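Survey of secondary and tertiary structure
Spelled out from the first residue to the last, the chains are:
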Amino acid sequence: MAGGHVSNENHSNETEQFATHDASDVNILDAILVRIGEFGRYQMFNYILLCIPMIFNAFQSISYVFTASPVVYRCNITQCDSPNSQYWEAWVNFTIPHKDFNPDQCHRYVFESPIGKQSSVPSSPYCVPENFDSTRQEKCGKDFKFRDEEYTISNDFGFFCSEEWKLNMVGTINNVGQFIGIPLGGLLADRYGRRTMLAIGGFLSSIMGIIRSFSPNYYMFLSFELLDMVVGSTLFPTSFLLAIELVGPKRRVAAATIITIFYSLGEALLGVLAGQFQNWRVLLRVLYIPAAVHIFFLVLLPESVRWLLSQRKEEQAIAILRRAARVNKRSLSDSSLQQLVQSNKEKLAESNETTYPIRNAFKRFSWRIANCSLCWFTHTLIALGLSLNSVNLGGNKYNNFMLNGLVQVPGLILPLFIMNSLGRRTSLCGSMLVCAVCIGASIIFGKNGHATELTLFLIGKFAITCSFQVLYFFTSEIFPTNVRNSLLSLCSMIGRIGSMIAPQTPLLANYYEFAPQLLFASFGLVSGFLTLFFPETANKSLPTTMDEASNLSGKSKGKDERDEDI
C-alpha cells in the first residue's frame, strides 16, 4: 500500500500551506507524514520487520495450550494390558467405567480374583467380565495407557487425575508474567525507546524459551514460563505502537490491521507446528530459537518519531523523516521540518509537563483509565477463554486451534470498514454485545449439536476479535504521546487479570454447567455499554499533550475539513 498521491503543485506550495495554519489548528507531524507518503515503501519495510515480533508474541503468549496440555489416558489394567496393548481394547468395556463414551481416566472396576488365586499377568485368563465388579470402582495406580502420541509436561512430569490442576496453573503463571512484563516494558519503552525494548525483549524471550525446553522438573518449567513473559510480553504493544506512529492519519486503521493480522496468523501457525512437533521440548525449540533475530532490530528498525519528539530529540526525528521521504521518493522542505521542531518545543513548553508525567495523567484521566482497564479485562477474559475452549470442541484439536486463529483475520479486517463510518465507540460497543449474545445463546442452543456449537463459537470469536482490534486502536488514540505506551501497557496489564482467571474458569462448571458462559456474557454486556462513555477519536489527530487528550470530546473534523487542513 502506498501513500496518497500529492501533485507537484502541492509540493511547491508546501511552505505556504504550513505558514497559513497555526500549530493549534493542525498536527504538523501528521501533515508531514501525508507529504512524504502516509504508507509508502519506507513504512512497508518497517511493517515487514514488525510482523516478526507479532508472530513470535503469539507463540509466547499461548504455546502453553500445547506444552501444558492434558493428554487422553486411561488406567493400565494389569490383568489385561500388555506392553503392546492400545488405548482402545475390547476388554476396556468391562474393566473401566465410561464417561461421555470414553473410558474414565482415573478409575477402574474392582478386580475380584478367584478364591486362592491372584493374577497380575497381562492378558491372563483372568481378564474376563466375571472377574470385574461393575458396581464398585477404585482409583487407578500410577501406570496409564495413552491414546495419542502427544507428549506434554503432563505425561513427562506425571500430572494425572488429582494433579492435573498443575497444568491449568501454567496458563495462570504465563499471564502473571504478562501482568508484570507489559507495564514494566511499557515504562522502559517510554523511557529508553520503543525499538530498544522490542529488540532486547524479543531476544531475552528467545533465551528463556530455549532454557525452558530443557527443564528437568515442573518448577523450573514454571519459573522460565514466568520469566519468558516478563521479558517478552511487551512485544505486542510496542510493535503495535511502532507500526502506527509513523503513518498518516488516513492509514492508521489499515496499519493497525496489517500488524495485528500477523498475531492471528501466528496463532494459526502455532496450531500447525504443534501438530507436527508433538513433543513439548522439541516444539519449544522450534518456536524460540528463530526468535533470537530480534537483536538485529537495534540496527534495522528506526526509533519512533513521536517518541523522539516527546523526548526533545528533534534532530534524530528529523533524520528519520528525511530518510522516509527519500525512500518514498517524496520531497520535504527544510521549512516544514523547522516548523515541526518549533511547534514541538512550543507544545512541550506550553503544556508545562515533565518528560514523564505519569502521575499527572492519572489525575486527569482517572475515569478513562478505569473504564479502559475494565474493557481490557473483559476482552482478555473472553478472548482467552474462547481460545482455550477451541481445543475442546471435538475433532482434531490442532485443526480447531488453527481455525481459532484464522477466524480472527476477518474480525481484524472488519474494523477497516466500520471504525470511521460508525466511529470507534459504536464499533467497540456493538461488537462486544454481539459476542456476549452469542455466548449467552450457546447456553440455550449449544446442546443442539456440534454444528450449532461451532457456529456460535466462531461468531463469538469473530466478534470479540473485532472489538479487541478496535480497543487496541482506541487505547492508542485517547492518551497523549509521552504516556501513551505506559497507559496502553497499564490497561493491558489490568487486562491480564482476566487472562489469569480464564484458565481457571472451567472449575466453575463443577457448580453449574454453564457458569463460565454466564460469566463471559455478563462481563461482555456490562463493559460493552460502558464503552459509550469513551470520547470519540475518529478523524482526530493523535494527541501529543495532556490538554489535547482532554479535549478529545470536542467536535471532530469532517473528512473534507481534515483534507483541507492537510
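This text goes with the structure placed above it.
How each quantity is defined
- Residues numbered from 1 in each chain as written.
- Predicted model: local features only at pLDDT ≥ 70, side-chain atom pairs only at ≥ 80, totals over all residues.
- Heavy atoms only, no water.
- Helix = DSSP H or I, 4+ residues; strand = E, 2+ residues; numbered from the N terminus.
- Buried < 20%, exposed > 50% of the residue type's maximum accessible area, 1.4 Å probe, protein only.
- Contact = heavy atoms within 4.5 Å.
- Axes fitted to C-alpha atoms, helices over the stretch in contact; angles between N-to-C directions.
- Left-handed = near helix turned anticlockwise from the far one by under 90°.
- Nonpolar A, V, L, I, M, F, W, Y, C, P; charged D, E, K, R; others polar.
- Pairing = 2+ DSSP bridges.
- Phe/Tyr/Trp six-rings, centres within 6.5 Å; stacked < 30°, edge-to-face > 60°.
- Lys NZ or Arg CZ within 6 Å of the ring centre and 35° of its normal.

**Notes on the overall build of the protein**
Scanning the protein for helices and strands turns up 28 helices and 6 strands. Looking at the protein as a whole, 57% of its 566 residues are labelled buried. Nonlocal contacts in the protein, meaning residues at least 24 apart in sequence, comprise 82% of its contacts between residues at least 6 apart.

**Quick word on the packing of helix α19 (residues 366-390) against helix α26 (residues 515-530)**
Where α19 contacts α26, the axes come no closer than 9 Å and their chain directions differ by 150 degrees. Our pair here, α19 against α26, has a crossing hand that is left-handed. Between α19 and α26, the residues in contact are Asn 371, Leu 374, Cys 375, Phe 377, Thr 378, Leu 381, Ile 382 and Gly 385 and Leu 519, Phe 520, Phe 523, Gly 524, Ser 527 and Leu 530, respectively. In the contact of α19 with α26, the residues fall into 9 nonpolar, 5 polar and no charged.

**Description of the pairing of strand β4 (residues 107-111)**
In terms of residue burial, β4 counts as a mostly covered element, since 4 of its 5 residues are buried. Bridge analysis of β4 against strand β5 (residues 132-139) gives 5 bridges, and the strand direction is antiparallel. Pairing of His 107 across the sheet is with Lys 139, part of β5.

**Structural notes on the environment of Val 92**
Structurally, the position occupied by Val 92 is in helix α6 (residues 92-95). Taking the relative accessible area as the measure of exposure, Val 92 reaches 1% and is therefore buried. Residues Val 92 and Cys 80, spaced 12 residues apart in sequence, show a C-alpha to C-alpha distance of 8.9 Å. What Val 92 contacts, discounting residues up to four positions off in sequence, is Arg 74, Tyr 87, His 98 and Pro 103.

**A word on the packing of aromatic side chains**
The final tally for this structure, using the stated rule, is 22 aromatic pairs. Residues Phe 66 and Phe 401 carry aromatic rings whose centres are separated by 5.1 Å and whose planes lie at 80 degrees to one another, so their mutual orientation is edge-to-face. With a gap of 335 residues between them, Phe 66 in helix α5 (residues 64-67) and Phe 401 in helix α20 (residues 397-406) connect regions that are remote in the sequence. With respect to class, Phe 66 is no different from Phe 401; both count as buried. Centroid distance Tyr 218 to Tyr 219: 5.4 Å. Interplanar angle 70 degrees. Geometry classified as edge-to-face. Among the aromatic residues, ring-to-ring pairing joins Phe 157, Phe 159, Tyr 218, Tyr 219, Phe 221 and Trp 280 into one connected group. Above the face of the Phe 221 ring, Arg 212 is positioned so that its terminal group lies 5.8 Å from the ring centre. For Arg 285, the ring lying beneath its charged end belongs to Phe 214, and the centroid distance is 4.1 Å.

The values are spatial; any link to function lies outside them.
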